[in-house]
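Single-letter residue listing:
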Amino acid sequence: MRLAQGLHQGLYERLQDYFASIRQFNRNIVLLLIASGLGGIASGIIDINFNLYILSLGITPDSLGQILSAGPFAHVVSAIPIGFLGEVLGYRAAFLIIYAVTGFSQLVQASAGNAPLIAAAGFVGGLAVSGNFVVRIPFLAANSTPAQRVHVFTLNSVLSGLSYALGSLLAGYLPDLLQRFGLELTLQYRYTLIFAGVLTLLGTLPMMCLRTSSISTEPLPERRRKVSLSPYLWGIERFTIESSMVELFIGVTLGLIVPFMNIFFIYNLNVTRENYSTIVALSVIPVTLMTFLGPLLASRFGRGRTITVSRYLIPLSTLTLALTTQAWIGTGALWAYRALFTMSQALWFAYAMDLASARSKMATSAWLEITYWLGQGVAALITGTLLARSNYSLPFYLSTGAALVTALLTHWIIRYQSPEKTQTAPMEL
């Protein structure tokens, strides 16, 4: 009881701190959050409808797995070049390229009618989307003070979740609206996805207004700044390698189930598209609560312990999804999964940026992106093959195993690695 009262009071104080901190965020962060909101709405629409659009074209689930793996594999090959490009061009140019190329690729994927062209567009889009993570993390760090950093990363996660929820809710009902114009199902999905691509393109507008100033002690990259590949390759730091291994298994955990979650709910749990979109949209409530609660738990129990415990709980959610045949149980497990994952990732990214040295923040961000999407790409191929055989449960068992490995690796890194070692001991390859 006393603990609950303490958490309630602490949450209230935390919310006051958030709103006070938000008012102090600089202009660059606000502009990025606006662009992210537009991109989040687009992502919510695409995630609900894209798989259904592909299947409506008569494309098989194993081919769907290949299409869904194209973007992740593009992230793998582009993360370091885009991180390097971000340092050379600066954040403004990098974000403009990211949002423009991503939006155009989404339009092509929605307009194409065959698997190879859709996969090719997905690969090109993946080249740009990878930069949205690689450049965003150090950008947020550079535009915030150390005291603001956890608030910035947390608010970024919360707003991403809110915009994604709005897009998910729209995604379930936009095709129904288009049906009133006499459009058949495939065209309903196509025009809905085109609308999402336009929203992503609109994200370029606030990016045009970014300034190259910084309030952090760590400078923003400028066009003429001397950059080096050393932190990315031969001078890579030990913490970068260790945290990247964690991110690899996070990618596998998600890639096995998340890209196919709409298929699982609709075809296995017999949920309608409209109901599934509502389930995903309402997940923003537990996700937002847990994300706001994360920094409070971190301050009370320690950030490392909070990250570790949350990651040990995630396998329980994926195991429940593997075993259940009831939509309401699956809904609860999905909500718990998304809430725990979002909270732990917000704390994990802030943790990673704090432990990475100033010279390697972009490199650490790039390698986290590479290994995360490598795991997703491989996992998508596996699940596509399993779904082609109507095996809906095995992906969740495999995801449970990957989530457990993630928790064990995270526990080992946080318990046995010191900040001094991670920032001063580069690994020679």
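Residues numbered from 1 in each chain as written. Predicted model: local features only at pLDDT ≥ 70, side-chain atom pairs only at ≥ 80, totals over all residues. Heavy atoms only, no water.

**A word on the packing of aromatic side chains**
Phase 1 of the analysis: The full count for this structure, using the stated rule, is 8 aromatic pairs.
Phase 2 of the analysis: Taken together, a centroid distance of 5.0 Å and an interplanar angle of 80° make the contact between Y91 and F139 edge-to-face. Within this pair, whereas Y91 is found in helix α4 (residues 91-111), its partner F139 is found in helix α6 (residues 136-142), the two being separated by 48 residues in sequence. For the pair Y91 and F139, one class covers both residues: buried.
Phase 3 of the analysis: Ring geometry for F264 versus F265: centroids 5.7 Å apart, planes at 85°, classification edge-to-face.
Phase 4 of the analysis: Residue F264 is classed as buried on the basis of its relative accessible area of 4%. (Phe/Tyr/Trp six-rings, centres within 6.5 Å; stacked < 30°, edge-to-face > 60°. Helix = DSSP H or I, 4+ residues; strand = E, 2+ residues; numbered from the N terminus. Buried < 20%, exposed > 50% of the residue type's maximum accessible area, 1.4 Å probe, protein only.)

**Brief notes about the packing of helix α12 (residues 273-282) against helix α13 (residues 284-301)**
Phase 1 of the analysis: The contact between α12 and α13 brings their axes to 5 Å, and the two run at 15°. Here α13 runs roughly parallel to α12, going by the angle between their axes. Taking contact as the criterion, the partners of V280, A281 and L282 in α12 are, on α13, V284, I285 and P286.
Phase 2 of the analysis: By residue class, the composition of the contact of α12 with α13 is 6 nonpolar, no polar and no charged. (Axes fitted to C-alpha atoms, helices over the stretch in contact; angles between N-to-C directions. Parallel < 35°, antiparallel > 145°, perpendicular 65-115°, else oblique. Contact = heavy atoms within 4.5 Å. Nonpolar A, V, L, I, M, F, W, Y, C, P; charged D, E, K, R; others polar.)

**Considerations on the side chain of T186**
Phase 1 of the analysis: Relative to the helices and strands, T186 is located in helix α8 (residues 185-202).
Phase 2 of the analysis: Its relative accessible area of 11% is what places T186 among the buried residues.
Phase 3 of the analysis: When sequence neighbours within four positions are dropped, the list of residues in contact with T186 reads Y53, S56 and L57.

**Notes on α8**
Phase 1 of the analysis: Compared with the 26 Å implied by 1.5 Å per residue over 18 residues, the 26 Å span of α8 between its first and last C-alpha is a close match.
Phase 2 of the analysis: Buried within α8 are the following residues: T186, Q188, Y189, R190, T192, L193, A196, G197, L199, T200 and L201.
Phase 3 of the analysis: Where α8 begins, one side-chain oxygen reaches toward the backbone nitrogen of T186, 3.1 Å away; that side chain belongs to E184. (Expected span 1.5 Å × (residues − 1). Polar contact = N/O pair within 3.5 Å; in protein donor to acceptor, adjacent residues only side chain to side chain.)

**Quick word on the environment of W348**
Phase 1 of the analysis: Position of W348 relative to the elements: it lies in helix α15 (residues 327-355).
Phase 2 of the analysis: C-alpha separation for the pair W348 and I307, spaced 41 residues apart in sequence, amounts to 6.7 Å.
Phase 3 of the analysis: Each residue touching W348, except ones within four places of it in the same chain, is listed here: S243, V246, E247, I307, R311 and T410.
Phase 4 of the analysis: At 3.1 Å, the side chain of W348 forms a polar contact with the side chain of E247.

**A short note on the packing of helix α2 (residues 27-56) against helix α11 (residues 261-268)**
Phase 1 of the analysis: Relative orientation of the contacting elements α2 and α11 amounts to 70°, with a least axis distance of 8 Å. Between α2 and α11, the crossing angle belongs to the class labelled roughly perpendicular. The interaxial crossing formed by α2 with α11 has right-handed handedness. For the pair α2 and α11, the contacting residues are D47, I48, N51, L52 and L55 in the first and N262, I263, I266 and Y267 in the second.
Phase 2 of the analysis: Of the residues assigned to the contact of α2 with α11, the class counts are 6 nonpolar, 2 polar and 1 charged. (Left-handed = near helix turned anticlockwise from the far one by under 90°.)

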